[in-house]
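Inside the fold
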Amino acid sequence: MKSVADDPNSQLNPTEIPPVVLTSELRKVYRTGFWLNQKVVSLKNCSLKVYKGETFGLLGPNGAGKTTLLKLLLGIIRPTSGRGLLLGKPIGDRTVKQDIGYLSENPYLYDYLTGWEFLQLAAGLFQIPNSVQRQRIPQLLELVGLSQADAKKKLLRRYSKGMLQRVGMAQALINEPDLVFLDEPMSGLDPVGRYQMREIILTLKASGKTIFFNSHILSEVEQICDRIAILAQGELICSGSLNELLGGQSTYHVKGQGGDLEILKKWIPTLTFEPNGSWQGILQDDYYDFLASLRLMGGQIIAMNLSRQSLEEFFIQQIQR
Ligand SMILES: Nc1ncnc2c1ncn2[C@@H]1O[C@H](COP(=O)(O)OP(=O)(O)O)[C@@H](O)[C@H]1O
Ligand SMILES: [Mg+2]
């Protein structure tokens, strides 16, 4: 009989909104070698939760176990031990697949199909009727920024890496999933490609989808994610919102000109002056009040930057630990 401790739902507080992704002590040991006698522990007892509408970033260096966790969640591989729930159903449950989307790390896209044909193929796998496909495919092409002319005429082997990634993204959304898994969606893209991918993810986020993505491109994660977790050598070392992890106490580095210097010093104790008459320093109080006060004094802001630890600094610190 299944004990309460075995049930991932038992981790839930009865008043808590059920997460859309929940893992409890999930572990994966691969067996390798000719006699399958060597063991590789890819994931060690990983417990995490992702809630509806969140953009969740799973970070970690290469080989940390990110893809392994995603494949476990998607039921592509089976856990050695531990449990998980996806949209309330145990991982591996086939009925969940209708409601999720997945862009794999190295998607296999058929060279001799056009983008349109590839999306028709993906839609066929979900048994989406042709009449619905005819409406949905152009909508998805528009969302991912591919022209219908390219999609209909060009074979995938002629697409750039960025275009392939965008077709892959359209494929992941063909069944209108509520929960989307993206494995390294920005890797290998140039800055323009990364920007486009980021914009697509932000559009999905604005439409209320839950996004779970793996990445090692920290600046992108910092701009997109609500919450993150860091995985290193198969172990989850921390998880939380960026504010929680990077320090909720934000300070602002302000640079400006004009205003009453004595009053300014009350707001910015570290005030220093430049030869050209401008001033700068660290503002520690509420910036709304400061800006209102500066305006009354007739002063101006030249630049204002949020200064908190960057995700990159935090990540390196955690990994080195
Ligand atoms: N099919 C497999 N057989 C054996 N070892 C594997 C297999 N897949 C992944 N691994 C190992 O598991 C570890 C985690 O891999 P992976 O999940 O791909 O990491 P990441 O996606 O974070 O780069 C690595 O050490 C990798 O070599
Ligand atoms: Mg990977």
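Computed from a predicted model, the values in this text were never measured in an experiment. (Residues numbered from 1 in each chain as written. Chains lettered and ligands numbered in written order. Predicted model: local features only at pLDDT ≥ 70, side-chain atom pairs only at ≥ 80, totals over all residues.)

Looking only at helices and strands, the protein chain features 11 helices and 14 strands. On the principal axes, the C-alpha backbone points of the protein chain span a range of 75 × 55 × 45 Å. Put simply, the protein chain has 321 residues, and 35% of those count as buried. (Helix = DSSP H or I, 4+ residues; strand = E, 2+ residues; numbered from the N terminus. Buried ≥ 20, exposed ≤ 12 C-beta atoms within 10 Å, placed from the backbone.)

Our focus in this paragraph is the sheet that holds strand 14 (residues 300-307). Pairing is antiparallel across the open sheet formed by 4 strands, whose spatial order is 12-13-11-14. Unpaired on one side and paired on the other, strand 12 (272-273) and strand 14 mark the two borders of the sheet. Looking at chain direction, strand 12 and strand 13 (residues 278-283) are connected through 2 bridges and run antiparallel. The partner of Thr-272 across the bridge, within strand 13, is Gln-280. (Pairing = 2+ DSSP bridges.)

Caution is warranted with low-pLDDT regions, since their predicted coordinates should not be read in detail. For the protein chain, per-residue confidence averages 89 on the pLDDT scale, and 94% of positions sit at 70 or higher. Below a pLDDT of 50 lies the segment residues 1-6, which in the model reaches 4 contacts outside its immediate sequence neighbourhood of four places, other chains included. (pLDDT = per-residue confidence, 0-100. Contact = placed C-beta atoms within 7 Å.)

Residues in contact with ligand 1, as listed here, are Tyr-30, Thr-32, Val-40, Ser-42, Gly-60, Asn-62, Gly-63, Ala-64, Gly-65, Lys-66, Thr-67 and Thr-68. When contributions to the shell around ligand 1 are tallied by element, the ones reaching two or more residues are strand 1 (21-32), strand 2 (38-50) and helix 1 (66-73). Ranked by residues supplied to the shell around ligand 1, first place goes to helix 1 with 3 residues. Here the residues of the shell around ligand 1 sort into 3 nonpolar, 8 polar and 1 charged. (Near = placed C-beta within 6 Å. Nonpolar A, V, L, I, M, F, W, Y, C, P; charged D, E, K, R; others polar.)

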